[in-house]
Amino acid sequence: MTELGDGPRHYWLPTPDGDRFVRHAFRGRRWESQSCDTTVCGKRVAMAKPSEMDWCTAPTCRDCNGILRDEQE
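Residues numbered from 1 in each chain as written. Predicted model: local features only at pLDDT ≥ 70, side-chain atom pairs only at ≥ 80, totals over all residues. Heavy atoms only, no water.

(A) Spatial organisation of unusual backbone geometry. For Ser-33, which is not glycine, the phi torsion reads 65° and is therefore positive. The class for Ser-33 is exposed, based on a relative accessible area of 57%. (Buried < 20%, exposed > 50% of the residue type's maximum accessible area, 1.4 Å probe, protein only.)

(B) Representation of the pairing of strand β2 (residues 20-27). Pairing analysis gives 8 bridges linking strand β1 (residues 10-17) to β2, with the strands arranged antiparallel. Among the inter-strand pairings, Leu-13 is bridged to a residue of β2, identified as His-24. Hairpin connection from β1 to β2: 2 residues lie between these consecutive antiparallel strands, with Gly-18 at a positive phi of about 70°. (Pairing = 2+ DSSP bridges. Helix = DSSP H or I, 4+ residues; strand = E, 2+ residues; numbered from the N terminus.)

(C) Representation of the packing of aromatic side chains. Under the counting rule described, the total for this entry stands at 1 aromatic pair. Both rings, one in Tyr-11 and one in Phe-26, keep their centres 5.5 Å apart while their planes meet at 20°; by these two values the pair is stacked. Of this pair, Tyr-11 sits in strand β1 while Phe-26 sits in strand β2, and the two are 15 residues apart along the sequence. As far as burial versus exposure is concerned, Tyr-11 and Phe-26 are alike and both buried. (Phe/Tyr/Trp six-rings, centres within 6.5 Å; stacked < 30°, edge-to-face > 60°.)

(D) The environment of Val-40, seen in detail. Along the chain, Val-40 falls in the loop between β3 (36-38) and β4 (44-46). With 28 residues separating them in the primary sequence, Val-40 and Trp-12 have C-alpha atoms 9.8 Å apart. Beyond its immediate sequence surroundings of up to four residues, Val-40 is in contact with Ala-25, Phe-26, Arg-27, Cys-64, Ile-67 and Leu-68. (Contact = heavy atoms within 4.5 Å.)

(E) Examining helix α2 (residues 62-72) more closely. Along α2, the residues classified as buried are Cys-64, Gly-66 and Leu-68. Of the surrounding elements, those touching the buried residues of α2 are β1 and β2.

Okay, here's the thing in structure tokens:
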């Protein structure tokens, strides 16, 4: 039996992508203030504390979303 919380952990974070931000998924429980990391979809990106506006306007990465969705099936 699987208990709640036993599944893969990930978090979302808006990251710079050219002149805009994109919300990518990352493996782990939360952002630990690292300056860069690799997204679930395999991109190496810079990371910084996003503003509230970044959270509201950054589109979700379709690739990250699709990979995580496929992992649930």
